[in-house]
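Single-letter residue listing:
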Amino acid sequence: MRFLPKANPLYEKTPANSVIIPDVFEKLGIGGFTGYVHHTAPEFEFYGVFAHGKLLCAHSCSGTRDKSGFEALVFLCDAVIATGGEINVYRMTTDLAVCAHAQIVGTRLFSGEEVRQVDIKGVLARLRSQGLNGVVRFYTTERSAMMFYKDGVPIGFYHDEADSIESSSDEARKIAALPGARVEVCTTRTLEELLEYDLLQMVNLPKLWESALARCVAARLKTAHDVEPPVTRPGEQKLLELVDDISEVAAAYLSRAGRVIVEKRIKELGGPLLLLDQGKRAQFLALVEADSMEIDSHARIDEMIDLMRSEITGRLAV
């Protein structure tokens, strides 16, 4: 888990299943955003740092697996679609974005050594003499504080109880003096060098999102197939399984609302037997499409309906 300032929120605690990741990142890029995106879900965390609309880095952590760059974005898409979670977006100055880059993927001069075993004055002198950009972080299990550096000079301070970037290092010094306090020192390149790299231009994020959707649908369909259905007549069993399959497809695109739509329309049109009638089947898909567009017109509804149609046609042909 990383620690970055939350001083200037653009969005906070937005349900991840209400957004489409490629659209979010595209808007941030076009808008020249500077700051970072933070996503959290059970057993998963992601950070993406932007400067002037360029995605400087991406990093994800899932259990003991840390991934950066392209792989981190793949994990992000999978996590958002499969488990939801929350999206947070925080603005920063470009200088602080450079420091955030250092904290997320920069070079680590110290990685959690005890403060009492480190020559802190010597470390700060090294930052100054070498004109380094980065972060010095002091922390315990309860507290955390950061000192931001540009060209070896401190440009701001932040701690876990602050609501803004501060100009005093007092709190950082207090936390550094706590029993058992540890220190991290992370550095990175200059802003000009970092801006030569833009992940948004290097990866096809919409394609990653579509692939993640397909994996999620396949996994849910497999899970549905692996669940032993209730004992019933063969014809009824096939139709009940089919209804559950297309409900899973809808849920992959629209979460719980998708499943509710399918179950509602199946009931209104006379139950699972309607799928055996070509006319009623077409009516059912049209109604599901209209309902889905009202809930989220940006959720690739046409793709969802095509998957449902293929699933129905394929299963009834067996």
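Predicted, not measured: the structure shown is a model, and the values here were computed from it. (Residues numbered from 1 in each chain as written. Predicted model: local features only at pLDDT ≥ 70, side-chain atom pairs only at ≥ 80, totals over all residues. Heavy atoms only, no water.)

Chemist: Looking at this structure, I do not really get unusual backbone geometry. What am I missing?
Modeler: Glycine aside, the phi torsion of most residues is negative, and most peptide linkages are trans. One non-glycine residue, H52, lies in the positive phi region at around 55 degrees. Looking at the secondary structure, you find H52 in the loop between strand 3 (44–51) and strand 4 (54–62). Its relative accessible area of 46% is what places H52 among the partly exposed residues. (Helix = DSSP H or I, 4+ residues; strand = E, 2+ residues; numbered from the N terminus. Buried < 20%, exposed > 50% of the residue type's maximum accessible area, 1.4 Å probe, protein only.)

Chemist: Looking at this structure, I do not really get the nonpolar core. What am I missing?
Modeler: One recurring pattern in soluble globular proteins: nonpolar side chains tend to sit buried together. Ranked by size, the top nonpolar core spans 58 residues in total, and within it I21, F25, L73, L275, F284, M304 and M308 carry the most contacts. If we skip the residues at most four places from it in the chain, L73 touches F25, F46, L55, A58, L199, V203, L205 and L208. Of all hydrophobic cores here, the second largest spans 24 residues; its members include C57, M92, L96 and A162. (Core = buried A, V, L, I, M, F, W, Y, C linked by side-chain atoms within 4.5 Å. Contact = heavy atoms within 4.5 Å.)

Chemist: What's the story with the sheet that holds strand 9 (residues 144–150) in this structure? I'm lost.
Modeler: Picture the strands of a sheet paired through backbone hydrogen bonds; they go either parallel or antiparallel. Taken in spatial order, the five strands make up an open sheet running 7-11-8-9-10, and their pairing is antiparallel. In the strand order of this sheet, the two ends are held by strand 7 (107–114) and strand 10 (153–159), each with one partner. Averaged over all pairs of adjacent strands, the angle between strand axes in this sheet comes to 15 degrees, irrespective of strand direction. Sheet analysis places strand 9 next to strand 10, joined by six bridges and oriented antiparallel. By the bridge assignment for strand 10, Y149 is matched with P154. (Pairing = 2+ DSSP bridges. Axes fitted to C-alpha atoms, helices over the stretch in contact; angles between N-to-C directions.)

Chemist: Just checking my understanding: could you explain the pattern of salt bridges for this structure?
Modeler: A side chain of one charge can pair with a side chain of the opposite charge if their charged atoms are brought near each other. In this structure the tally under the stated criterion is 16 salt bridges. Here E184 and R137 are joined by a salt bridge, their closest N and O atoms 3.4 Å apart. Linking E184 in strand 11 (residues 182–188) with R137 in strand 8 (residues 133–139), this pair joins segments that are 47 residues apart in sequence. Each member of the pair, E184 as well as R137, carries the same accessibility label: buried. Linking R143 and E161 is a salt bridge whose minimum nitrogen-to-oxygen distance equals 3.9 Å. (Salt bridge = Lys/Arg side-chain N within 4 Å of Asp/Glu carboxyl O.)

Chemist: Sorry if this is basic, but what is going on with empty space enclosed by the protein here?
Modeler: One simple way to see leftover space: roll a probe sized like a water molecule over the atoms. Scanning the model with the defined rule gives two cavities of 30 Å³ or more in all. In this structure, the second largest cavity encloses a volume near 40 Å³. Along the walls of the second largest cavity sit A145, M146, F157, Y158, H159, E166, S168, S169, E171 and A172, which together make up its complete lining. Taken together, the elements giving at least two residues each to the lining of the second largest cavity come down to strand 9, strand 10 and helix 5 (170–176). For the lining of the second largest cavity, the element with the highest residue contribution is strand 10, accounting for three residues. Grouping the constituent residues of the lining of the second largest cavity by class yields five nonpolar, three polar and two charged. (1 Å grid on protein atoms, 1.4 Å probe; cavity = no way out; pocket = protein on both sides within 12 Å on 5 of 7 lines; lining within 4 Å. Points joined across faces, edges and corners; volume = space filled by probe spheres on them. Nonpolar A, V, L, I, M, F, W, Y, C, P; charged D, E, K, R; others polar.)

Chemist: Explain the layout of surface pockets here, please?
Modeler: Taken as a whole, the largest pocket spans an internal volume of roughly 380 Å³. In terms of lining residues, the largest pocket is bounded by 13 residues, among which V19, I20, D23, V24 and K27 are the most central. Each residue belonging to the lining of the largest pocket can be placed in one class, and the counts come to seven nonpolar, three polar and three charged. As a volume, the second largest pocket reaches approximately 310 Å³. Taken together, 22 residues line the second largest pocket, and the ones lying closest to its centre are N17, A252, Y253, L254 and S255. Elements that contribute at least two residues to the lining of the second largest pocket include exactly helix 2 (70–83), helix 8 (205–226) and helix 9 (234–254). Looking at the lining of the second largest pocket residue by residue, the class counts come to 14 nonpolar, five polar and three charged.

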